[in-house]
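Inside the fold
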Amino acid sequence: MAYQNILVSTEESVAIVTLNRPDVLNALNQATMNELVDALEAFDHDETARCVILTGNERAFAAGADINEFRGATPVQMLQEPRFLQWERIRRFPKPIIAAVGGYCLGGGCELAMLCDIIIAAETARFGQPEINLGLIPGAGGTQRLPRAVGKYRAMELIVTGRQIPAQLAYEWGLVNRVVPAEVLLDEARALAREIAAKPPVAVRLAKEAILKSLDTPLDVGLDHERRLFYLLFSTEDMKEGVEAFLNKRRAEFKGR
Ligand code: DAK
């Protein structure tokens, strides 16, 4: 697929997807979401891609869904569009995604960042769920993921006022992992992605699966799930390699098997 709305590159085992509709602050129209899903699925099948960075530009990570696509839309059209499916496919992406967020991260943009696994924010980043100002509520997980990230009271305030919060406050509220100067945003994301990419990929994948499971299951069920994944890892070559390397005081070479 030739992309019009995103840029895609790979640097060794790190894949970088850059949202690229700068004129509209990276508003997420359906075409962009399709391209994003397509690129992620290609990286899923690419054994050499071990970690993904999703980013935008200095002015915006993404200012939300493209509001032009909401004008005149009916519930049935919304239902028939692949919109939910696109987001669901990103949710199912098994490798870690780091969101490197600069500028506006609003509405669907904030929801997209929250679908990622780690969020690094530039000092200039601003987060919010302004859908209320359109007579809407968040529709891609914001009412569910934001309270899980920052707690009910803070999420409520953000969603019912539509206010934006700066990166530093988002950090204090637990929505982002860290805040860095805008000039080093991508470098920070790259360094972290490389560190993750050097780990055994099957274990990384199952760690992601187990952690996501913890957010929507009772503790008992999550612990049982974790235990099964833990046992499963004893069948991997990488686990044997990791243990041997440790015991022989050498560096492990992980192959993803
Ligand atoms: N959609 C379309 N165009 C947008 C846009 C958006 N979300 N955000 C900005 N733009 C466009 C502006 O219209 C403007 O275009 P021109 O006038 O230059 O043609 C250009 O980007 C620059 O924006 P501004 O001139 O407004 O720039 P400012 O710096 O003055 O303001 C702003 C920046 C981010 C505060 C402002 O643009 C703004 O309030 N934007 C809208 C933010 C917003 O309401 N976002 C939430 C949209 S609703 C779902 C999946 C996803 C969603 C829902 C369901 N399913 C799976 C079902 C998501 C919904 C949403 O995100």
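One can find the structure itself at the top, above this paragraph.
Notes on the structure follow. These figures come from a predicted structure and were not determined experimentally. (Residues numbered from 1 in each chain as written. Predicted model: local features only at pLDDT ≥ 70, side-chain atom pairs only at ≥ 80, totals over all residues. Heavy atoms only, no water.)

**Some remarks on the site of the ligand**
As a matter of local geometry, the ligand sits amid 26 residues, with Arg59, Ala63, Ala65, Ile67 and Gly108 nearest to it. Within the contact set of the ligand, a nitrogen atom lies 2.9 Å away from a backbone nitrogen or oxygen of Ala63. When isolated, the ligand has an accessible area of 1,100 Å², and the protein chains bury 66% of it. When contributions to the shell around the ligand are tallied by element, the ones reaching two or more residues are α3 (83-91), β6 (104-106) and α4 (108-115). In terms of residue count, α3 provides more of the shell around the ligand than any other element does, 3 residues in total. Looking at side-chain class alone, the shell around the ligand contains 14 nonpolar, 6 polar and 6 charged residues. (Near = heavy atom within 4 Å. Polar contact = N/O pair within 3.5 Å; in protein donor to acceptor, adjacent residues only side chain to side chain. Areas by Shrake-Rupley, 256 points an atom, 1.4 Å probe, with all protein chains shown as cover. Helix = DSSP H or I, 4+ residues; strand = E, 2+ residues; numbered from the N terminus. Nonpolar A, V, L, I, M, F, W, Y, C, P; charged D, E, K, R; others polar.)

**Observations regarding the sheet that holds strand β7 (residues 118-122)**
With respect to topology, 6 strands assemble into an open sheet ordered β1-β2-β3-β5-β7-β10, the strand pairing being mixed. Both outer strands of the open sheet, β1 (6-11) and β10 (178-180), are each paired with one neighbouring strand and no more. Each strand of the sheet is rotated relative to its neighbour by a mean of 20°, with strand direction disregarded. (Pairing = 2+ DSSP bridges. Axes fitted to C-alpha atoms, helices over the stretch in contact; angles between N-to-C directions.)

**Thoughts on the nonpolar core**
Judged by nonpolar contacts, the single largest core of 45 residues is most densely connected at Leu54, Phe61, Val101, Leu112 and Phe127. In terms of residue count, the dominant contributor to this core is helix α1 (residues 30-45) (6 residues). Beyond its immediate stretch of four places on either side in the chain, Leu112 contacts Leu19, Leu28, Leu36, Leu54, Phe61, Trp87 and Ile90. By size, the runner-up hydrophobic cluster in this structure holds 18 residues, among which are Cys51, Ala100, Ile118 and Ala182. (Core = buried A, V, L, I, M, F, W, Y, C linked by side-chain atoms within 4.5 Å. Buried < 20%, exposed > 50% of the residue type's maximum accessible area, 1.4 Å probe, protein only. Contact = heavy atoms within 4.5 Å.)

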